[in-house]
Amino acid sequence: MKRFLYELSESWKIAVAQMRSNKTRSTLTALGVVIGIVAVTLMGTAIGGIQVGFDKSMAIFGDDVLYVSQWPWKRVDDWWNYRDRKKIKTEYAEPINRIIAATPNSNLVIAVPTSSLLRSVKNGQSEVSNVLIRGTVSDYLITSTFDFKEGRFFNDVESRGGANVCVIGYDVADALFPSESPIEKSVLINGQPFRVVGVISRQGTFLGLFSLDSIVVMPLPAFQKYFSAKSDSDVLVKVKDKTRLAEARDELTGVMRRVRGLPPEKKDDFSINEQQALKSTLDPIKNSIAIAGLFITGLSLFVGAIGIMNITFVSVKERTREIGTRKALGARRRTILLQFLIESASLCLLGGFIGLGVAYVMCTGIGQAFPSFPIQFSLGLVLVSMAVSILTGLFSGFAPAWSASRLDPVAALRYE
Amino acid sequence: MTSDTRLSDSIIIDIENITKDYVMGEEIVHALRGVSLQIHSNEYLAIMGPSGSGKSTLMNMLGCLDTPSSGRYEFNGRDVSSMTDDELASIRNREIGFVFQTFNLLPRADSLRNVELPLIYAGMDPETRRERAAHVLREVGLDDRLHHKPNELSGGQRQRVAIARALVNDPSIILADEPTGNLDSKTGDEIMTLFENLYQRGHTIILVTHEADIANHARRTVRLRDGLIESDDGGFGGIDNLPVEDPLPANATVY
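Residues numbered from 1 in each chain as written. Chains lettered and ligands numbered in written order. Predicted model: local features only at pLDDT ≥ 70, side-chain atom pairs only at ≥ 80, totals over all residues. Heavy atoms only, no water.

**Student:** What should I look at first to understand the sheet that holds strand E6 (residues 96-99) of chain B in this one?
**Tutor:** Two modes of strand pairing occur in sheets, parallel and antiparallel, and in both the strands are linked by backbone hydrogen bonds. Residues and elements named next belong to chain B. A sheet is described by the order of its strands in space; here six strands give the open sequence E6-E7-E8-E3-E9-E10, paired in mixed fashion. In the strand order of this sheet, the two ends are held by E6 and strand E10 (228-232), each with one partner. Each strand of the sheet is rotated relative to its neighbour by a mean of 20 degrees, with strand direction disregarded. By the bridge criterion, four bridges tie strand E3 (residues 44-48) to strand E9 (residues 220-225) in an arrangement that is parallel. From the neighbouring strand, Leu-45 faces E9, where its bridge partner is Arg-220. Packing of helix H2 (residues 85-95) onto the sheet brings it into contact with E6 and strand E7 (173-177), and relative to E6 it is tilted by some 80 degrees. (Pairing = 2+ DSSP bridges. Helix = DSSP H or I, 4+ residues; strand = E, 2+ residues; numbered from the N terminus. Axes fitted to C-alpha atoms, helices over the stretch in contact; angles between N-to-C directions. Contact = heavy atoms within 4.5 Å.)

**Student:** I would appreciate a short explanation of the layout of surface pockets in the present structure.
**Tutor:** To locate leftover empty space, one rolls a probe as large as a water molecule over the atoms. Approximately 850 Å³ is the volume attributed to the largest pocket. Lining the largest pocket are 32 residues, with A:Val410, A:Arg414, B:Ser56, B:Asn60 and B:Asp177 positioned closest to its centre. Looking at the lining of the largest pocket, the element that brings in the most residues is helix H1 (residues 55-62) of chain B, giving five residues. (1 Å grid on protein atoms, 1.4 Å probe; cavity = no way out; pocket = protein on both sides within 12 Å on 5 of 7 lines; lining within 4 Å. Points joined across faces, edges and corners; volume = space filled by probe spheres on them.)

**Student:** Could you clarify how one ought to interpret the domain arrangement of chain A in this entry?
**Tutor:** How big an interface is tends to be expressed through the accessible area that disappears when the partners come together. You can read the domains of chain A as domain 1 (2-57 + 281-414) and domain 2 (86-269). In this structure, domain 1 of chain A and domain 2 of chain A have C-alpha centres spaced 54 Å apart. (Domains from an automatic or database assignment.)

**Student:** Please explain the environment of A:Ala222 as it appears in this structure.
**Tutor:** All names here are of chain A. The residue Ala-222 is located in helix H8 (residues 220-227) in this model. Counting along the chain gives 179 residues from Ala-222 to Ala-401, while the straight-line C-alpha distance between them is 78 Å. Ignoring sequence-local partners within four residues, the contact set of Ala-222 consists of Gly-162, Ala-163, Asn-164 and Phe-194.

**Student:** Is there a simple way to explain the sheet that holds strand E1 (residues 11-24) of chain B in this structure?
**Tutor:** All names here are of chain B. Taken together, the four strands give an open sheet; going across it, the order is E2-E1-E4-E5, and neighbouring strands pair in antiparallel fashion. In this open sheet, the two edge strands, each paired with only one partner strand, are strand E2 (27-40) and strand E5 (78-79). Pairing between strand E4 (residues 70-75) and E5: two bridges, direction antiparallel. Within E5, the position partnered with Phe-75 by the bridge is Arg-78. Sheet contacts for H1: E1, E2 and E4; angle to E1, the most-contacted strand, approximately 125 degrees.

**Student:** I'm lost on the packing of helix H2 (residues 23-59) of chain A against helix H12 (residues 333-369) of chain A in this one. Help?
**Tutor:** In helix packing, the relevant descriptors are the interaxial angle and the interaxial distance, both defined with respect to the helix axes. All names here are of chain A. Where H2 meets H12, the axes come as close as 7 Å, and the angle between the chain directions of the two elements is 45 degrees. Classified by the angle between their axes, H2 and H12 sit oblique to one another. Here H2 and H12 pass one another in a crossing that is right-handed. Every residue of H12 that contacts H2 at Ser-26, Thr-29, Ala-30, Val-33, Val-34, Ile-37, Val-38, Thr-41, Leu-42 and Thr-45 is listed here: Leu-347, Cys-348, Leu-350, Gly-351, Gly-352, Ile-354, Gly-355, Leu-356, Val-358, Ala-359, Met-362 and Cys-363. (Parallel < 35°, antiparallel > 145°, perpendicular 65-115°, else oblique. Left-handed = near helix turned anticlockwise from the far one by under 90°.)

**Student:** Sorry, what's going on with the environment of B:Leu167 here?
**Tutor:** Residues and elements named next belong to chain B. Position of Leu-167 relative to the elements: it lies in helix H5 (residues 155-167). C-alpha separation for the pair Leu-167 and Glu-95, spaced 72 residues apart in sequence, amounts to 10.0 Å. Beyond its immediate sequence surroundings of up to four residues, Leu-167 is in contact with Val-136, Val-140, Ile-174, Leu-198 and His-203.

**Student:** Can you help me understand unusual backbone geometry in this one?
**Tutor:** A negative phi angle is the norm for most residues apart from glycine, just as the trans form is the norm for most peptide bonds. Residues and elements named next belong to chain B. In the Ramachandran plot, Asn-76 falls in the positive-phi region, its phi being about 50 degrees despite a non-glycine side chain. Checked against the element boundaries, Asn-76 lands in the loop between E4 and E5. Given a relative accessible area of 36%, Asn-76 falls into the partly exposed group. We note that Asp-170 has phi near 55 degrees; this positive angle belongs to a residue other than glycine. Along the polypeptide, Asp-170 turns up in the loop between H5 and E7. On the basis of relative accessible area, Asp-170 is assigned to the partly exposed category, the value being 44%. (Buried < 20%, exposed > 50% of the residue type's maximum accessible area, 1.4 Å probe, protein only.)

Structural data, given as structure tokens:
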């Protein structure tokens, strides 16, 4: 064991001396690994970022809320079967709530109607277009996950009375009221003034596609009064216990069939959606992006590994006589094998360190340039990169090191 | 290692009828065709012969760098011919000190580290091996060159480092292959004096050379020709085997 440690430290010294005496060559070879590690690390960071963004976007839907909609949240091949379904009406919320209240031990808590469309929002000369205008009731808060930056949500009285009040998203507030509080100010939608009672704190984007902060929420009667045409309606139903989502789903299906008055032989003419279903639709896409990305960047690391292998072969060739001398002095096969393995591994590790440093700087740069892009530079990633570089070194050094260890000492000593 | 105790009755190397065949392209080369030799402790032996006589092959056999095609080889009573590579490495490490014509020092390591190398492979701890290496370097007269790299040393000094490296593991034999071949005659003489001193202090030395005046330093001369021992003076002068044009005055003066 002790002997092995001495051999190890000897190999390490040789490796360092070798790198120092062949600076250019070592640098160029390590560069291949640097590029590979940078590519893989950045890809890992991007995948981590996508994952975090994905989870964050998914959280918006809440994991204990069921959505009653016309369309399912997945790709359908028979879209014509869905197109002619009756639209979901906000009025369904009332009978659903009645049935829930009448059902003992119901898995459902409350149904909340929502209705949405896109409109421009104005304040004086400032205007924000394509804002999601959503009409709902004050119970909407129960099914939502957002907090308020300032102000409050509209109350039950405003909700029922259809008062011209609204709650605005962070982006809308930022664009229309850059230097003042929007509370108690008015915004114009379709020429109608709405008094702002609250500002929702920042929500970010959904999968980086569109902003969740470009939104205005108002009482449903007011919405219906001004925007009823061409709006899409859903009913959100809060579940009591999210671990019993399947039962809640079955119960809600039964409730909706009663509301719609469907006879038993007819199929459902509505869809009940949930976050999990959306996730399982999007997960394979996300995973295949990750695998493809890692594979392609992995190729560049592989090219780096071939560079290391090549240079280790050259090094073995150049030092054939040295290997012969070492063998004459009593170096065993294992000793020689170890020497060249450590040489290639430390070269790779050096490349890995530099690569990680470069990747870190680039990540920080990207993070500052595009704050919305979620960057994940974790300790785990550092450890994985280091492990990958060492493994790359061992992998690429093995063939040349093996050939060195098998050299015939007589031939090696005579080698010119 | 007291200077006057000659353990001449103990046999270190005992080879019997060994052969070595090489395949070179289509041809089989019979480098050794049946060589028998016994070498005792504290002998000073020269192996001579023209190139192609098989002396290098014999040296590789004696140095346990290679194994014979047939025949028996016992080193200190152990059968070498059937040993694995790693067992041979261990014999070389502990029992044999090599001195090469081209010195074969590690270019980027200083004298001390070069001499330490066999001790590293023997698994000795750093302090002890540094001490040993420095001690042996002092013995060969390089007290002030411990931290010089080979390219900062003269040829003679390099060969001294190599000899120190051969001595450091206290081997049973020192095997020197044309040790003066790359040195001028004056430096060569110094190296031969060093070998003489080592011999006087009880070491067993095997010289491989094609130069008669180098071989003359040895007490016994074995001549090879065409893979066979042509003559072996057995350490008793063997004047009949000496080349006529080059008599051996040195041989008589040493005793």
